[in-house]
Each structure stands twice: as C-alpha cells, then as structure tokens.
Amino acid sequence: MVPCYPGARSRALLPMLLVTGALTVAPLIKAATPELVVADPLGITAFDLYENGLIWWDAPGRCTGEMPHEATVRVMATLGGGTVNLARDCAMLEGDYTRVVRDEAYIYFFSGLQLHRKALNALERDPSQVLVTTNLNPTLPAAQSCAVLELAESQLYWPRRGSSYTTIYRMPSDGSSAPDQLVRITNTNDVSKLQRFILTDPDAGSAESLAVLFSDGRLYRVLLTSPTATLYLAGGVADFAVHRRRLLTGTTTYLYAAIGKSASDMQPETPAGGLLRINAYTGDATTIYTASGNNQVLSVAVDPSEFVTPIGSDPHYLYLAEAIMSCGELFCDETDRVIKRHTTPGSTTGWEQIVTTGGGGNLRLDKDWLYYVAGNMIRRISRDAPAQELDFVA
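Residues numbered from 1 in each chain as written. Predicted model: local features only at pLDDT ≥ 70, side-chain atom pairs only at ≥ 80, totals over all residues. Heavy atoms only, no water.

### Focus: the sheet that holds strand 21 (residues 250–259)
Strand pairs in the sheet, formed through backbone hydrogen bonds, run parallel or antiparallel to each other. Quick reminder of the rule: When DSSP locates at least two bridges between a pair of strands, those strands are taken to pair. A run of H or I in DSSP counts as a helix once it spans at least four residues, and a run of E counts as a strand once it spans at least two, with each numbered from the N terminus. Only C-alpha atoms enter the line fits that serve as axes; for helices the fit covers just the stretch in contact. Angles between N-to-C directions range over 0 to 180 degrees.
The sheet built from five strands is open, its strands ordered 23-22-21-20-25 with mixed pairing. Of all the strands in the sheet, just strand 23 (285–290) and strand 25 (305–307) have a single pairing partner and so form its edges. Adjacent strand axes in the sheet meet at a mean angle of 25° when their direction is disregarded.

### What to know about the state of the cysteines
Our working definition: Cysteine sulfur atoms that come within 2.5 Å of each other are treated as a disulfide pair.
According to the stated counting rule, one finds two disulfides in the structure shown. The disulfide partner of Cys63 is Cys90, and the gap between their sulfur atoms is 2.0 Å. The disulfide joining Cys63 to Cys90 has a torsion of about 95° about its S-S bond and is therefore right-handed. Note that Cys63 is positioned in the loop between strand 5 (53–58) and strand 6 (71–76) and Cys90 in the loop between strand 7 (83–89) and strand 8 (101–102), a separation of 27 residues in sequence.

### Description of the side chain of Gln144
For clarity, the cut-off: Working definition: with a 1.4 Å probe on protein chains only, accessible area under 20% of the residue-type maximum means buried, over 50% means exposed, and in between means partly exposed. A 3.5 Å cut-off defines polar contacts: any pair of N or O atoms within that distance qualifies, except that in protein one atom must be a possible hydrogen donor and the other a possible acceptor, and neighbouring residues in sequence count only when both atoms are side-chain atoms. Contacts: residue pairs with any heavy atoms within 4.5 Å of one another.
With respect to the helices and strands, the residue Gln144 is situated in the loop between strand 11 (129–130) and strand 12 (150–152). The exposure class assigned to Gln144 is buried, which follows from its relative accessible area of 2%. A polar contact of 3.1 Å, which involves the side chain of Gln144, links it to the backbone oxygen of Pro159. Leaving out residues up to four positions away in the same chain, Gln144 has contacts with Leu113, Pro159, Arg160 and Arg161.

### Section: the nonpolar core
Note the cut-off: Take the buried Ala, Val, Leu, Ile, Met, Phe, Trp, Tyr and Cys residues and link them wherever side-chain atoms come within 4.5 Å; each set so joined is a nonpolar core.
Of all hydrophobic cores here, the largest spans 18 residues; its most connected members are Phe197, Leu219, Val237, Leu255 and Ile278. For this core, the elements supplying multiple residues, two or more each, are strand 16 (191–201), strand 17 (205–214), strand 18 (219–223), strand 19 (231–234), strand 20 (237–247), strand 21 and strand 22 (274–279). Setting aside anything within four residues of it in sequence, one finds Ile278 in contact with Leu219, Leu233, Ala234, Thr253, Tyr254, Leu255, Ala257, Gly283, Asp284 and Ala285. Formed by 16 residues, the second largest nonpolar core is a distinct cluster that contains Tyr108, Cys146, Ala147 and Trp158.

### Digging into the packing of aromatic side chains
What counts here: Only the six-membered ring of Trp is used, alongside the rings of Phe and Tyr, when aromatic pairs are assigned; centres must lie within 6.5 Å, and planes under 30 degrees apart are stacked while those over 60 apart are edge-to-face, with the rest tilted.
On inspection of all chains with the given rule, the structure shows six aromatic pairs. Between the aromatic rings of Phe214 and Tyr220, the centroid separation amounts to 5.5 Å while the plane-to-plane angle is 80°, which identifies the pairing as edge-to-face. Tyr220 matches Phe214 in its accessibility class, with the two residues each being buried. Ring geometry for Tyr317 versus Tyr319: centroids 6.1 Å apart, planes at 55°, classification tilted. Each member of the pair, Tyr317 as well as Tyr319, is classed as buried. Ring pairs connect the aromatic residues Phe214, Tyr220 and Tyr232, which therefore count as one cluster.

See the structure below:
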C-alpha cells in the first residue's frame with residue numbers, strides 16, 4: 001500500500017525560477033504545460049490547498065536511529081507569495097501516515113502522541129501548543145506514532161488504533177469540549193486518509209459521513225447518523241475523492257477510488273490498477289478505467305459537485321495519476337508517472353492524457369488548476385489543458 005499523498009520523481013525542466021531563501025518559487029502564469037509552483041529542498045511529502053494558498057509538509061520526523069530527520073511544515077498564504085516556515089522538529093509527524101490541517105488561525109498536527117496546534121503568525125522556533133484531549137491522555141496510544149487529521153466545520157477528526165479495532169474521534173478545534181467517539185471499525189492498520197463529507201442520495205436524503213481509507217487498501221463509508229451502518233466499499237485502494245452529481249430527479253454521492261500499489265509493494269503478477277466509481281450510499285461499484293500492463297493508479301481528484309440540467313452543464317473533470325511500472329522476474333520499478341483526464345461521471349473510453357512524463361501524486365483541484373507533488377516540487381497544469389493523447393481508450 002502506498003503511503004497517503006505519494007510523490008514521484010520529476011523529469012520536467014523548471015522554467016523561470018525565483019529564489020526565496022532556501023525555497024524556489026516560480027511566477028504563476030497560466031500555461032497548457034505543467035509549471036512549477038514551489039520547490040522545497042527539505043522535501044515535500046504532501047500538501048493541501050487552503051483558500052488561495054497552500055500548506056505543505058515533509059515527514060516523518062525521526063529523532064533517533066541512523067537517519068534522524070526534522071519534519072517541516074510550511075504555509076503560503078497566497079499562491080506565488082511569500083512562504084512562512086512555520087514548524088521544524090524531529091519530534092513531530094513521526095509516522096508514515098500523517099496529515100497537517102489548518103484554519104484561519106492555526107495549523108494542527110501530532111507530536112509525541114499528542115494533538116498540537118500552532119498559530120500561523122508564530123515563528124518557526126516558537127513551541128507549539130498542546131491541545132488537550134480530555135479522557136485521551138495522550139491523544140494516541142503508544143503503539144501509534146502519528147495519525148492523519150481531518151478538519152471540517154471547526155471539528156477535528158482522527159483515528160486511534162486499538163488491539164481489535166480503530167476508533168474515529170471528533171473534537172472542536174478550539175478544544176472547548178472532550179473528544180467524542182464516533183465509530184469503531186474492525187481494522188487495526190494505520191488510516192492513510194480520512195474525509196468528512198455530506199452524503200446525499202435520493203433514497204437516503206442527506207447524512208454527515210466519513211470516508212476512511214486504511215493502509216491495507218480497505219475503504220469504508222461511515223454514516224455518522226448511524227455508525228453501525230458502516231459499509232466496506234473496496235480493497236486495493238490507494239486514494240479516493242468525493243463527488244456529488246445533482247440531477248433534476250435527485251442527487252447522488254460517489255467516491256472515486258484509485259486502485260493501485262507502489263512499486264515496493266508489487267510483484268510481477270500484481271494485476272493492473274484502475275479507477276472505480278462507487279455509489280457512496282449503496283456501495284455499488286463500476287470500473288471506469290483499467291491501466292495497461294503492470295501500471296498502477298495511485299491518486300485521483302474530481303470536481304466536488306456538479307448540477308446537470310436537461311440542457312447540459314459546464315464541463316466538470318475527473319483526473320487520475322498512473323504510475324508506469326516496469327517489472328522483471330522478481331521486482332517492479334516505477335519509471336514514470338502520467339496524468340489523465342475525463343469529464344464526469346467518467347467511462348471506460350474517452351480518457352485524455354494531459355501530462356505525459358514527470359507527473360506526480362497528491363492530486364488537488366481548484367477552479368483553474370490541477371496541482372500535484374513531484375519529488376520535492378508542487379507543480380500544476382491548467383484544468384482544461386489540451387490533451388496530449390486524444391480520445392485515449394482505457
């Protein structure tokens with residue numbers, strides 16, 4: 001199973017670079033080919049968009065052993081603007097599966113098994129603040145070095161592993177009340193991705209929900225109004241994205257699930273990866289893309305919602321990152337990564353390739369751009385960039 005938000009080696013040239021301290025920041029001029037947003041020599045494990053800016057981090061932190069490493073967190077308030085080096089410590093983000101989240105005032109992360117926050121106007125050398133998790137002291141058990149976080153509607157969500165199951169907790173981000181136990185899932189692997197969303201369905205109405213992806217590739221949907229109705233959706237999943245499709249007859253919520261493994265987890269006989277479109281309420285799944293050869297699909301992004309009328313709608317897009325794998329008799333190696341696009345809701349034909357080499361993972365969308373991590377860089381390409389391979393057949 002590939003860790004959450006995998007990056008990839010980039011072979012693209014970097015145009016017109018500006019240097020800001022130790023960081024490289026490129027002028028942001030819209031183009032039909034991939035362009036650099038930022039390069040960080042200390043590394044980029046993953047990133048997220050926030051309003052008109054970025055937050056990215058490098059992990060895991062390690063204070064001991066043969067290769068100690070300081071984890072970092074950096075924030076760019078406005079794309080193309082200055083970078084704030086907010087945190088750097090070997091004792092934070094200590095696991096392979098971790099995520100930093102932010103709001104308008106703080107970042108939130110795990111350090112030393114405890115939930116922490118740090119003000120956005122703090123200096124890198126300033127200490128972070130322990131966010132008290134009443135009845136959970138520390139926030140995580142000793143066997144769980146770190147955890148992914150989700151922040152939605154001023155609520156923090158995180159998983160806590162046990163010997164027989166994993167419990168998802170929720171707490172106000174200001175720490176004003178104790179954590180609530182939301183659901184227990186019979187899986188004791190690390191959670192690699194956690195997302196809160198509103199599930200809307202003609203038969204179910206609307207319900208606050210969670211999508212929970214474990215490091216063993218198992219994906220679950222949780223209805224927070226009825227946690228006992230937790231539904232196992234798919235296995236072999238590397239990433240997922242949520243999409244709501246509204247018709248005049250009602251709205252349906254889908255999870256798009258990228259099926260794939262990293263080269264280190266593959267065998268030559270590992271089947272090709274692909275992409276599933278899953279009804280988030282019923283669990284019904286349709287394969288809408290199958291990779292060629294030994295290739296694997298490791299990341300996916302989709303417009304969060306669309307409204308389809310009898311006269312049509314503006315185009316909405318679905319993107320996937322496909323790892324190009326070369327396998328010998330015993331091992332496989334990732335030689336490159338490409339990015340492909342389709343209009344929603346997607347199908348087995350009509351895929352367009354928009355990045356033919358040096359693509360990456362951790363796909364993210366805004367209204368104009370598709371962003372991705374490639375090595376120690378965050379790059380982007382116009383959402384409607386011309387196809388480099390027209391009418392690609394899956």
